[in-house]
Amino acid sequence: MATLLPSGPATPSVFGQVGSVDGILRFVLDDVWGAGLDVLAGLTGVDMLASPFMQRAYLAALCIAVIGPLVGSFLVHREMAMIGDTLAHSAFAGVAAGLFVNATLSVTVAPLLTALLVAAVAALLVQTLVDYAGAYRDTSLAIVLTGSFAVGSVLVTATDGGIAVGINAYLFGSLATVSRTNAAILLVMGVVVTAAVTLAYRPLVYVTFDEVGARAAGLTVTRYNRLLAVLTAVVVVGAMQIMGVILVAAMLVIPVAAATSVRGFKRSIGAAVCAGLLATTTGVTLSYLYDIAAGGTIVLVAIGIYAAAKAGVRARRYVSRRRRTPDTAVSAATAAKPDGGDDE
Amino acid sequence: MALLEVSDVTFSYGDRPVVDRVSIDVEEGEFLGFVGPNGSGKTTLLELMIGLRRPDSGSVTLFGDPAHESKHGGRIGFVPQDVANTNGEMPITVREAVRMGRYPHRLAGRFTRADRDAVDTALQRVEIGDLADRRIGRLSGGQRQRAFIARALASKADLLALDEPTVGVDAESREAFYDLLHDLNREGITIVLIEHDIGIVTTHASEIACLNRELFFHGDPETFVETDALADAYGGSQSLVHHHH
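Keep in mind that this is a model prediction, so the values were computed, not measured.

Reading the values: rules and limits
Residues numbered from 1 in each chain as written. Chains lettered and ligands numbered in written order. Predicted model: local features only at pLDDT ≥ 70, side-chain atom pairs only at ≥ 80, totals over all residues. Helix = DSSP H or I, 4+ residues; strand = E, 2+ residues; numbered from the N terminus. Pairing = 2+ DSSP bridges. Axes fitted to C-alpha atoms, helices over the stretch in contact; angles between N-to-C directions. Buried ≥ 20, exposed ≤ 12 C-beta atoms within 10 Å, placed from the backbone.

Some words on the environment of Asp158 of chain B
And then number 1: Here Asp158 of chain B lies in the loop between helix 4 (141-154) and strand 7 (159-163).
And then number 2: Between the C-alpha atoms of Asp158 of chain B and Met100 of chain B, which are 58 residues apart in sequence, the distance is 16 Å.

Below, the structure is given as structure tokens:
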């Protein structure tokens, strides 16, 4: 957590608090996660699990797989899947701003922190544009997306090019960016996002299902829309390290899309998280074994899971249809539809 | 005091007024049906009535408070216009949707036995108990309407507001749906609804309001069918609208 601290003098109370958080994080990272994977490595004989580098990568993969689909479920079912992409690009502007400040001024700020700040502001901006300016949702998304990428590219080129190298890691993501500090930040983000969604689950799901009905029922819809936008920003910034700016939206969307045939909203979130876990752990492993980009590998595995899930649903539907009425399969299927044939 | 009081309300989108100096009271236990041509401001007025919009001028009083700042969300059951189009991919089950009726009362924390009973009772009341674990997007239009009514019942709503609830619902289910509304109304729930089918609304509603920006008529259905209010509101083209459906 050292880089998070301001370089100037800090008051003792702040130090004390940060110290205790640091202690908890050290315990979780080393004594629980690290030691656990060491034992697993000993049992299975897979050396990869014992390397601290891969232990951090797997921890990041786990966090991303949980919070991505958790927040993404609310986005996808509101047809707001692309907000993740927009906020990723604004996070890129934030990273560029952080690197720019580091390069030109004599202070040190973590680029992840500036990314989080800028993405959160962009999230609120998008919501405000939709709420008050009456702009079309995808138009306001496009404006903020391109606008922030423009800011980012200007900032990157405004210095002598020194930060262009650093920015590459954020654009495409890399397991190498998951330092101990970043793993700790991601873990904290994961806990915060999970807690927020758990506490606000009911209003969030109400707004997702029926926004007007939620307003009629007296819910402050604007507040929950903003909460969802800011949570998306947090997820995007957290997942960006491994996934990269360009691919990070995938973790909000693809696992959720793979789980849409699961009945029940809570269960579908659970299934989406499982799909996410499978995608990220497989992706990180393959990325390490074959020395290929982690973000791209994870997305390709996730798309594979999505395709398999869709094919599985279709196959099952086909089989059950044939089993029910071998001769009149087609007519039975069409007849069942109006009274609510469940395709699951 | 009336349950809902709309007095001299005007509302515009930009400089185009869609609701113009409308005054109308809804008494407890009433079944009020709104009729009027497309674009006549019916939906806007309904939204004003339940506090989804704030009037430009005039006032709407719901349960004794200004509607737009009303804290009586749990007493309002709203069935929006496009219910029949709920996305089929939405994984939410009927039971999950009906449970939302309890959310205004319990936004966080565990559901009590009373909450769960309210949900079960509501599902049984509208006769969709056997569909509770189906995905709501996979139901027929009529079944989906019942699920939304069940959500309102689970909330113990006193006022049911429905915006063209039977669009996209077949004639048989529509009759059954109105029978259900009729029964609920007799059990004491106040109903305000928009309906394009003038025949069905004059059969079931206790009061009719005919709207085209301004209020052309407000009174009982028997009087309504004898007046020229409909022709006036539709500008003489009501026969066309009649045969359209």
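So, the sheet that holds strand 9 (residues 207-212) of chain B
All names here are of chain B.
And then number 1: Sheet architecture is open: 6 strands sit in the order 6-7-8-3-9-10, paired in mixed fashion. Both outer strands of the open sheet, strand 6 (76-79) and strand 10 (214-219), are each paired with one neighbouring strand and no more. With direction set aside, neighbouring strand axes in the sheet form an average angle of 15 degrees.
And then number 2: Sheet topology places strand 3 (residues 31-35) next to strand 9; 4 bridges connect them, and they run parallel. Residue pairing for strand 9: Leu32 is matched across the bridge by Glu207.

A short note on the pairing of strand 9 of chain B
All names here are of chain B.
And then number 1: A large share of strand 9 lies buried, amounting to 6 of its 6 residues.
And then number 2: Taking every second residue as pointing to the same face, both faces of strand 9 are buried, with Glu207, Ala209 and Leu211 on one and Ile208, Cys210 and Asn212 on the other.
And then number 3: Two elements, strand 9 and strand 10, share 5 bridges in a ladder whose sense is antiparallel. What sits directly across from Ala209, in strand 10, is His218.
And then number 4: Counting the residues between successive antiparallel strands, the hairpin from strand 9 to strand 10 contains 1 residue, one of them, Arg213, with a positive phi of roughly 70 degrees.

Considering unusual backbone geometry
Residue and element names in this part refer to chain B.
And then number 1: Unlike most non-glycine residues, Phe63 shows phi in positive territory, near 50 degrees.
And then number 2: The partly exposed category is assigned to Phe63, around which 15 C-beta atoms lie within 10 Å.
And then number 3: Not every positive phi belongs to a glycine, and Glu127 is a case in point at roughly 60 degrees.
And then number 4: Residue placement: Glu127 occurs in the loop between helix 3 (113-125) and helix 4.

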